[in-house]
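# Summary of structural features
In case you want the letters, here they are:
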Amino acid sequence: MLEKKDHSYERAVLVGLITRDQNEEKLNEYLEELEFLAYTAGASVEKRFTQKMTQPDAKTFVGSGKAEEIREYVKENEIGTVIFDDELSPSQLKNLERELEVKIIDRTNLILDIFAQRAQTSYARTQVELAQYEYLLPRLTRMWTHLERQRGGIGMRGPGETEIETDRRIIRDRISLLKEKLKSIDKQMTTQRQNRGKMVRVALVGYTNVGKSTLMNALSKSEVFAENKLFATLDTTVRKVVIGNLPFLLTDTVGFIRKLPTQLVESFKSTLDEVREADLLIHVVDISHESFEDHIDSVNQTLMEINAHQKPMIMVFNKIDAFAYEQKSEDDLTPSTRKNISLEAWMKTWMAKSKHPTVFISALNKENFPEMKKLIYEEVHRIHISRFPYNDFLFEYFDEEETEK
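Parameters and conventions
Residues numbered from 1 in each chain as written. Predicted model: local features only at pLDDT ≥ 70, side-chain atom pairs only at ≥ 80, totals over all residues. Heavy atoms only, no water. Pairing = 2+ DSSP bridges. Helix = DSSP H or I, 4+ residues; strand = E, 2+ residues; numbered from the N terminus. Right-handed = clockwise from strand over helix to strand, strands pointing away. Phe/Tyr/Trp six-rings, centres within 6.5 Å; stacked < 30°, edge-to-face > 60°. Buried < 20%, exposed > 50% of the residue type's maximum accessible area, 1.4 Å probe, protein only. Axes fitted to C-alpha atoms, helices over the stretch in contact; angles between N-to-C directions. Parallel < 35°, antiparallel > 145°, perpendicular 65-115°, else oblique. Left-handed = near helix turned anticlockwise from the far one by under 90°. Contact = heavy atoms within 4.5 Å. Nonpolar A, V, L, I, M, F, W, Y, C, P; charged D, E, K, R; others polar.

### A short note on the pairing of strand E2 (residues 43-52)
- For strand E1 (residues 10-18) and E2, the ladder comprises 9 bridges, and the chain directions are parallel. Its bridge partner being in E2, Gly16 is matched across the sheet by Thr50.
- Since E1 and E2 lie parallel, the crossover through helix H1 (residues 24-41) that links them has a hand, and here it is right-handed.

Rendered as structure tokens:
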């Protein structure tokens, strides 16, 4: 496993671009999220640098003038880390390290670092390590060398083999080993899924930090780790839940995020298989977040990529207790913005436009839980009787009193 960062807060600055595909408003949203990612990883953000360009500079991502501005600020303020909002190419990374003379991290590397800190089980750690090495391999520079010092020295390398080539070979060997390890674990996981008996499988999906684990705890009366940080949960948790007299399996999965690194999608294949093989998806959304509609699109995009977008789904809009809006005065003639839309208006909008059953709740306060449980019961019941018509479960009609126990 690659070394994790020191958890004492590192001083960092953020860098992002306004381009043809990304206006200033969108960039600010991304940088807000990047700052939360940095905080989750253990960094305090001192400043943000933005630049308007048609497209990123091939050599240093930003223009030479902006690079010089960042360099001066970093030097004067003793900043140790510069974090870029997009994935940097190996050559950009190398040039920036030479230019700025500090640690350069891109969005992908930052997410991988958080995953490395959060991975608890051997399986999650293996998945993260594989993703890290696959990211690192094309980016090996002198800064990353000395992976295995004992191989260095006279007579220990092949003819003409440089230290960096030795490191590349070590990494390739490690990647092969990790892939084999994951293959055997994947087989075990597949067997486990097949042995779960005649129960409908329900998976919680959603953007990171929307409250999936809190909802899991409330529905299953269990203690799954939940925290107001991104990617608090990495390991898939499966619990048996009973609503009315109908049992089903509920799975809490890793949160999705915009620009999710391809290395992670590949290495977390088994975790995503829980979503692929689920009978019903509960898409949890943080209604209090100003970009929640973008989050919905990001999750739907990921579901499409893993071919799980056509499954039955329930839309659960969470955190209504944290929702806030700015009410406009009657004489205010300026155009309304998203901040001026009330919760009631959002509810009417989404109830009308969503093709899936929709409910608005607070997982923290268990507000509107009877309505949500009724929806889940109806969907699970419908799937169950079509899938297992001769199953001998004692069906009872959903009883609202049952949900309040």
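Structure shown, so let's carry the discussion forward.
### Things to note about the packing of aromatic side chains
- Scanning all chains against the criterion turns up 8 aromatic pairs.
- Seen in terms of ring centroids, Phe317 and Phe360 are 4.7 Å apart; in terms of plane orientation they differ by 10 degrees. Their pairing is stacked. Of this pair, Phe317 sits in strand E9 (residues 313-318) while Phe360 sits in strand E10 (residues 358-360), and the two are 43 residues apart along the sequence. The burial state of Phe317 is the same as that of Phe360; both residues are buried.
- Members of the aromatic cluster, connected to one another through ring pairs, are Phe292, Phe317, Trp346, Trp350 and Phe360.

### Considering the packing of helix H4 (residues 107-118) against helix H5 (residues 122-136)
- It is the contact of H4 with H5, at a shortest axis distance of 9 Å, that shows an interaxial angle of 155 degrees. Taken together, H4 and H5 sit at an angle that is classed as roughly antiparallel. At the point where H4 passes H5, the crossing takes the left-handed sense. Only Val128, Ala131, Gln132 and Tyr135 of H5 make contact with H4, whose side of the interface consists of Thr108, Asn109, Leu112, Phe115 and Ala116.

### Considerations on the packing of H1 against H4
- At a closest axis distance of 9 Å, the pairing of H1 and H4 adopts a crossing angle of 35 degrees. Here the hand of the crossing between H1 and H4 comes out left-handed. Taking contact as the criterion, the partners of Tyr30, Glu33, Leu34, Leu37, Ala38, Thr40 and Ala41 in H1 are, on H4, Arg107, Leu110, Ile111, Asp113, Ile114, Gln117 and Arg118.
- For the contact of H1 with H4, the class distribution of residues is 8 nonpolar, 2 polar and 4 charged.

In short, shape yes, function no, at least from these values alone.
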